[in-house]
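Letter by letter, the chains look like this.
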Amino acid sequence: KATEDDIVVTNTIEDPENRFLEQAKDSVVAARKLLEEKYGLEPSQHFQFKFAIDSTGARFSGDSLGVAFAIGAIALVSRLADMRQTIDIPRQVSFSSALTRDGELKSISLQGLKLKIERAFYSPLTDLVVPQEQLPDARSCLEQLQANYPSRKLSLIGAGTLDDVVSDRRLTHQTQLSLPGFL
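Residues numbered from 1 in each chain as written. Predicted model: local features only at pLDDT ≥ 70, side-chain atom pairs only at ≥ 80, totals over all residues. Heavy atoms only, no water.

With that settled, consider the packing of helix α3 (residues 110-121) against helix α4 (residues 135-148). Two quantities define a packed helix pair, namely the angle between the helix axes and the distance between the axes. Where α3 contacts α4, the two axes come as close as 10 Å, and the packing angle between them is 45 degrees. Of the possible angle classes, the one that applies to α3 and α4 is oblique. As α3 packs across α4, the resulting crossing turns out to be right-handed. Packed against α3, whose contacting residues are L110, L113, K114, I117, E118 and F121, the element α4 presents D137, A138, C141, L142, L145 and Q146 at the interface. Within the contact of α3 with α4, the residues separate by chemical class into eight nonpolar, one polar and three charged. (Axes fitted to C-alpha atoms, helices over the stretch in contact; angles between N-to-C directions. Helix = DSSP H or I, 4+ residues; strand = E, 2+ residues; numbered from the N terminus. Parallel < 35°, antiparallel > 145°, perpendicular 65-115°, else oblique. Left-handed = near helix turned anticlockwise from the far one by under 90°. Contact = heavy atoms within 4.5 Å. Nonpolar A, V, L, I, M, F, W, Y, C, P; charged D, E, K, R; others polar.)

Right under this line is the structure:
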């Protein structure tokens, strides 16, 4: 029986010194901590997380996928573990933030933030989560894009913690089994 979570990232990592893989590990630690404290996940349950991003030929770097890794892990564990609640992520929501092991959202580079907002703006997404501390910069970038395309609507949502993200019903859908159904 496994004594710890197994974390695998299948995408090409640009530089072995890069934070990409470490961010995936930190995100799983933060997700596990939240699931144990808020949803009663048993610490003895361990999982294998395989992160793969559909990205034909792209290389990844940095830690801006921290919240996305954690939310994905939470959604998976809520389905696999013996939990009363399941947590799903709407397809039209995206996340762009570094994440600490304690579940704090941290800023990413301004260049990276602008790129994420631009990609979200020109996609079917309706909501993009960014670190609360970067919300003013994010809004400024979005306003520039909307000047050229005023009918395109994208909501920017600032968050300070992973718990803020999971608790926001615009960002996750939670279903609770009835007590008889759970037992």
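Structure shown, so let's carry the discussion forward.
Another point: the sheet that holds strand β7 (residues 127-131). In spatial order, the strands read β4-β7-β8; together these three strands make up an open sheet with parallel pairing. Looking along the sheet, the strands with just one partner apiece sit at the ends: β4 (93-95) and β8 (155-159). Here the average twist between neighbouring strands, direction ignored, is 25 degrees. Pairing between β7 and β8: five bridges, direction parallel. Residue pairing for β8: L128 is matched across the bridge by L156. Those strands touched by α4 are β7 and β8, and its axis lies near 170 degrees from that of β8. (Pairing = 2+ DSSP bridges.)

Everything listed here is a matter of geometry and, on its own, says nothing about what the molecule does.
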